Amino acid sequence: MQAVQWDAKADVLSLVDVPVPTAGHGQVVIKVAYAGVCGTDLHIIQKEFPAAEKVILGHEFSGVITEIGPGVKGFTTGDRVCVDPNRGCGNCRECFKAQTNHCQNGGLRTTIGIFQNGGFANFCVVPSEQVHQLPAEVTLPQGALCEPLSCILRGWENLDNPSLDSRILILGAGIIGVLWSTIFHHKGYRNVSVSEPAEGRRNRISALGLGYQAVHPDELKSCISQENIRETGYDVIVDCSGFPPAIEQAFSWLRAGATFVQFGCCPPKEKISICPFEIFSKELKIVGCLINPFTMVNTVEGLARGMSGSYLSDFSRLGIKMFRLQEYQEAIAQLKKGDISKAMFEF
């Protein structure tokens, strides 16, 4: 079969021929149907995010089960499924506290598509406990969005249900900013703005038909000051850019009692400067969000199912473009240029 493999030692991403995997005990083989390119994949090939030295990338994917290994229950061949690429070891302090995303033996250290072979291939072998059957309402392309949606659901849970009259700002209109926008709208929020420097991406937010304002960050900077922060500031800011200068700037746009959600993945060694007196005097909350502990079931059975016929029904409006696996270089190039919000491989 063909696969897109990252070789860190050679510093190269390439299309390779590898054997079709077989299912061991507790595993299933999935014939991949759709696989999304994540911003994390770009960080990996730029050596800004850790990964195995040689690995088939792809941690966002869906497909159909073609083989079931010994000991697997609850699945049959032909089942339409998506995959949670993350799991804890179940035996460490973090796992006992339901913090599997911080597991010292699993979590991000064993993620499928980062440390184990993933979905940028015709077939992928996966432990059955990381496989989720798709409801009839959820299509296979939508199934490939379940992993990023489950990470956003983790961020939503950490945000802890802000009041519906909150003024909300999203930083960045890539696919994550787009999906955050649809989820806020799905949950009833209407006073939402999206800060994005690229005109094409601002137009994409407008084309969603949510009634949200898409603005250039310079426009926000010119109209917000500490003197009028009560009127022009925000109760919630969600960073989806991972761009430290934007994060630093936006921190001063928070109202009293506001929450800042750091969702975007920044380069690990980057730093920002914030004023601790502001945190104290405004009683601000800073919330992190790491992957998707225990949110995949609610995503597949709830969020994706509920949004499948509306917000997720038209991938072109979301800025998602389909590519063949052999077009991986063009897919990554268009993603880097910002021509699209997301590249997805269709098998």
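Residues numbered from 1 in each chain as written. Predicted model: local features only at pLDDT ≥ 70, side-chain atom pairs only at ≥ 80, totals over all residues. Heavy atoms only, no water.

1. Thoughts on the environment of Met 344
Mapping Met 344 onto the fold places it in strand 16 (residues 342-346). For Met 344, a relative accessible area of 0% corresponds to the buried category. It is 6.6 Å that separates the C-alpha atoms of Met 344 and Tyr 34, two residues lying 310 residues apart in sequence. Beyond its immediate stretch of four places on either side in the chain, Met 344 contacts Tyr 34, Ala 35, Gly 36, Pro 141, Ala 144, Leu 145, Phe 315, Ile 320, Lys 321, Met 322 and Phe 323. (Helix = DSSP H or I, 4+ residues; strand = E, 2+ residues; numbered from the N terminus. Buried < 20%, exposed > 50% of the residue type's maximum accessible area, 1.4 Å probe, protein only. Contact = heavy atoms within 4.5 Å.)

2. What about the pairing of strand 10 (residues 192-195)?
Side chains Val 192 and Val 194 project from strand 10 onto one buried face, and the interleaved Ser 193 and Ser 195 project onto a second face that is buried too. With four bridges connecting them, strand 9 (residues 168-171) and strand 10 associate as parallel partners. Residue pairing in the sheet places Leu 169 in a bridge with Ser 193 of strand 10. What joins strand 9 to strand 10 is helix 5 (residues 175-186), and the crossover it makes is right-handed. Pairing of strand 10 with strand 11 (residues 213-215), which is carried by three bridges, proceeds in the parallel orientation. Bridging from a neighbouring strand, Ser 193 pairs with Gln 213 of strand 11. On the question of chirality, the crossover connecting strand 10 to the parallel strand 11 by way of helix 6 (residues 199-207) is right-handed. (Pairing = 2+ DSSP bridges. Right-handed = clockwise from strand over helix to strand, strands pointing away.)

3. What about the packing of helix 4 (residues 146-159) against helix 5?
Helix 5 packs onto helix 4 with a crossing angle of 55 degrees between their chain directions and a minimal axis gap of 11 Å. It follows that helix 4 is oblique to helix 5 by the angle criterion. For the pair helix 4 and helix 5, the sense of crossing is right-handed. Between helix 4 and helix 5, the contacting residues are Pro 148, Leu 149, Ile 152, Gly 155, Trp 156 and Leu 159 on the first element and Ile 176, Leu 179, Trp 180, Ile 183 and Phe 184 on the second. (Axes fitted to C-alpha atoms, helices over the stretch in contact; angles between N-to-C directions. Parallel < 35°, antiparallel > 145°, perpendicular 65-115°, else oblique. Left-handed = near helix turned anticlockwise from the far one by under 90°.)

4. Re the pairing of strand 7 (residues 123-127)
Counting buried positions along strand 7 gives four out of five residues, so the element sits mostly inside the fold. In terms of strand pairing, strand 3 (residues 27-36) meets strand 7 through five bridges, oriented antiparallel. Pairing of Lys 31 across the sheet is with Phe 123, part of strand 7.

5. Considering the packing of aromatic side chains
On inspection of all chains with the given rule, the structure shows eight aromatic pairs. Taking the centre distance of 5.7 Å and the plane angle of 75 degrees together, the rings of Trp 156 and Tyr 189 count as edge-to-face. Remark: Tyr 189 occurs in the loop between helix 5 and strand 10 and Trp 156 occurs in helix 4; sequence separation between them is 33 residues. Across this residue pair, the class does not change: Trp 156 and Tyr 189 are buried. The structure contains a cluster of three or more aromatic residues connected by ring pairs, namely Trp 156, Trp 180, Phe 184, Tyr 189 and Phe 263. (Phe/Tyr/Trp six-rings, centres within 6.5 Å; stacked < 30°, edge-to-face > 60°.)

6. Remarks on the pattern of salt bridges
In total, this model carries nine salt bridges according to the counting rule given. A salt bridge links Lys 282 to Glu 278; its shortest N-O distance comes to 3.0 Å. Here Lys 282 and its partner Glu 278 are both found in helix 10 (residues 276-282), four residues apart, which amounts to about one turn of the helix. For Glu 278, a relative accessible area of 16% gives the class buried. The closest approach of N and O atoms between Glu 301 and Arg 305, which form a salt bridge, is 2.9 Å. Taken together, the residues span about one helical turn, with Glu 301 and Arg 305 both in helix 11 (residues 296-307) at a distance of four residues. When its relative accessible area of 42% is taken as the criterion, Glu 301 is described as partly exposed. (Salt bridge = Lys/Arg side-chain N within 4 Å of Asp/Glu carboxyl O.)

7. A look at helix 6
Regarding helix 6, the residues found buried are Arg 201, Arg 202, Arg 204 and Ile 205. All buried residues of helix 6 fall inside an arc of 155 degrees around its axis, so they share one side. Elements that come into contact with the buried residues of helix 6 comprise helix 5, strand 10, strand 11, helix 12 (315-318) and helix 13 (328-337). Phi turns positive one or two residues past the end of helix 6, at Gly 209, with a value near 75 degrees. (Arc of directions from axis to C-beta.)

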